[in-house]
Amino acid sequence: MQTKHNLIQGDCLEELKNITEESIDLIFADPPYGLAKKKGLGWKYSKHITLEETWDIFSKDEFFDFNIKWITESMRVLKHGGSFWVCGSFHNIYQLGFILQHLDFKINNSVVWFKPNAQPNITCRMFTESCEHLIWAVKNHSKTKWTFNYQDTKNKIEDQLNPRGKQTRNVWSIPLTPKKEKWAGEHPTQKPIELLRRIILASSKEKDLILDPFVGSGTTSVVAKMLNRNSIGIEKENKYLAIAKKRLSQSNLI
Ligand SMILES: C[S@@+](CC[C@H](N)C(=O)[O-])C[C@H]1O[C@@H](n2cnc3c(N)ncnc32)[C@H](O)[C@@H]1O
């Protein structure tokens, strides 16, 4: 039977309320970082602007309130034993981790995604940012077992830090999203297929239902389809949803 992939245009704070309680097997979220400035996050010594998306602009209090709300709703829709993955930079990951602990999620791992081809630091006043952070947590109140496909992680995940056939470490070396995955249009923070492939392969089963409340260019949905899982993706901006739809409609799924 073919899997189903539902892309919803809207604000996840509203759209999550329409999802049935305890119906989701795995959530992957790549939420706003809260780092954009009204005039863009500029570089002191150059005209380059890295992020000036309106969806990323919050006051401190608004940002905390927003994170509490979408994570609480995510917990409601997640099955017992379901996995919750969240990806972020140092700007938001500590707050997200704090909220997960506060809401009684069980944290299984933090994973460092090392980017071997990250941009240099042009200020020369700090270390070069070359990673993002992931937290893998589970809804564990009823002690239901979570999915961990141990043999797949050993045999189907490989990089310069993780030899095939060995236990996979929690540091993953994955290059920035390659150009060939951006054929359907520009999204400023499109995640590489390989990152989602590892997450979905390791912590869900075929035919499971996967939810991404900030689906952007649709990477989560594309990989869910590739790995024979069902998916729901929510995205506020029509221009990004159009990219996600285009990617999902392709048969080679890149
Ligand atoms: C960091 S990006 C996610 C990128 C995605 N992982 C990908 O591979 O393309 C965050 C996305 O969330 C969307 N967004 C921000 N706030 C939202 C909200 N309240 N509800 C739904 N989508 C939202 C933004 O438009 C943006 O596309």
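Scroll up a little and you will see the structure.
This one's a predicted model, so the numbers in the text were calculated from it and none came from an experiment.

Procedures and definitions
Residues numbered from 1 in each chain as written. Predicted model: local features only at pLDDT ≥ 70, side-chain atom pairs only at ≥ 80, totals over all residues. Heavy atoms only, no water. Core = buried A, V, L, I, M, F, W, Y, C linked by side-chain atoms within 4.5 Å. Buried < 20%, exposed > 50% of the residue type's maximum accessible area, 1.4 Å probe, protein only. Helix = DSSP H or I, 4+ residues; strand = E, 2+ residues; numbered from the N terminus. Contact = heavy atoms within 4.5 Å. Salt bridge = Lys/Arg side-chain N within 4 Å of Asp/Glu carboxyl O. Pairing = 2+ DSSP bridges. Near = heavy atom within 4 Å. Polar contact = N/O pair within 3.5 Å; in protein donor to acceptor, adjacent residues only side chain to side chain. Areas by Shrake-Rupley, 256 points an atom, 1.4 Å probe, with all protein chains shown as cover.

A.B. asks: Can you walk me through the nonpolar core in this structure?
C.D. replies: Soluble globular proteins: nonpolar side chains tend toward being buried together. Formed by 25 residues in total, the largest nonpolar core has its most connected members in Trp70, Phe84 and Leu211. Elements that contribute at least two residues to this core include exactly strand 2 (24-29), helix 2 (60-77), strand 5 (78-88), helix 3 (93-102), strand 7 (131-138) and strand 10 (230-235). Here this core gets five residues from one element, more than from any other, and that element is helix 2. Leaving out residues up to four positions away in the same chain, Leu211 has contacts with Leu16, Ile19, Ile24, Leu26, Ile27, Phe28, Val77, Ile232 and Ile234. Grouped together as the second largest cluster of nonpolar side chains are 23 residues, Trp113, Leu195, Leu196 and Ile200 included.

A.B. asks: Would you take a moment to explain unusual backbone geometry for this structure?
C.D. replies: Most peptide bonds take the trans form, and the phi angle of most residues other than glycine is negative. The phi dihedral of Glu22 is positive, around 50°, even though this residue is not glycine. Relative to the helices and strands, Glu22 resides in the loop between helix 1 (12-15) and strand 2. Residue classification places Glu22 among the partly exposed residues on the basis of a relative accessible area of 35%. Here the phi dihedral of Lys207 falls at roughly 75°; this positive angle occurs in a residue that is not glycine.

A.B. asks: Would you mind going over helix 6 (residues 219-226) with me for this structure?
C.D. replies: Each α-helix winds once per 3.6 residues, and so residues spaced three or four apart point in a common direction. Burial within helix 6 is extensive, with six of its eight residues counted as buried. Within helix 6, the full set of buried residues consists of Thr219, Thr220, Ser221, Val222, Val223 and Ala224. In this structure, the buried side of helix 6 is in contact with strand 1 (5-9), strand 2, helix 5 (193-203), strand 9 (209-212), strand 10 and helix 7 (238-249). Remark: Asn228 follows helix 6 within two positions and exhibits a positive phi of approximately 65°.

A.B. asks: Sorry if this is basic, but what is going on with the pattern of salt bridges here?
C.D. replies: Counted by the stated rule, this structure contains 13 salt bridges. Across the pair Glu194 and Arg198 runs a salt bridge whose closest N-O atoms are separated by 2.8 Å. With a gap of four residues between them, Glu194 and Arg198 both fall in helix 5, about one helical turn apart. Judged by relative accessible area, which is 1%, Arg198 ranks as buried. Taken together, the salt bridges that share partners define one network made up of Asp30, Lys115, Glu132 and Lys191.

A.B. asks: How do you make sense of the pairing of strand 7 when you look at a structure like this?
C.D. replies: Regular strands place side chains that alternate from one sheet face to the opposite one. Buried residues dominate strand 7, accounting for seven of its eight residues. Inspection of the sheet shows strand 5 paired to strand 7 by six bridges, in the antiparallel sense. Within strand 7, the residue paired with Trp85 across the bridge is Trp136. Pairing between strand 6 (residues 106-114) and strand 7: eight bridges, direction antiparallel. Paired with Trp113 across the strands is Glu132, a residue of strand 7.

A.B. asks: Would you mind showing me how to read the site of the ligand here?
C.D. replies: In the vicinity of the ligand lie 21 residues, with Cys12, His187, Ser217, Thr219 and Glu235 positioned nearest. Within the side chain of Glu235, one N or O atom sits 2.6 Å away from an oxygen atom of the ligand. For the ligand, the protein covers 99% of the area, taking 600 Å² as the surface of the free molecule.

Nothing here speaks to function; it is all geometry.
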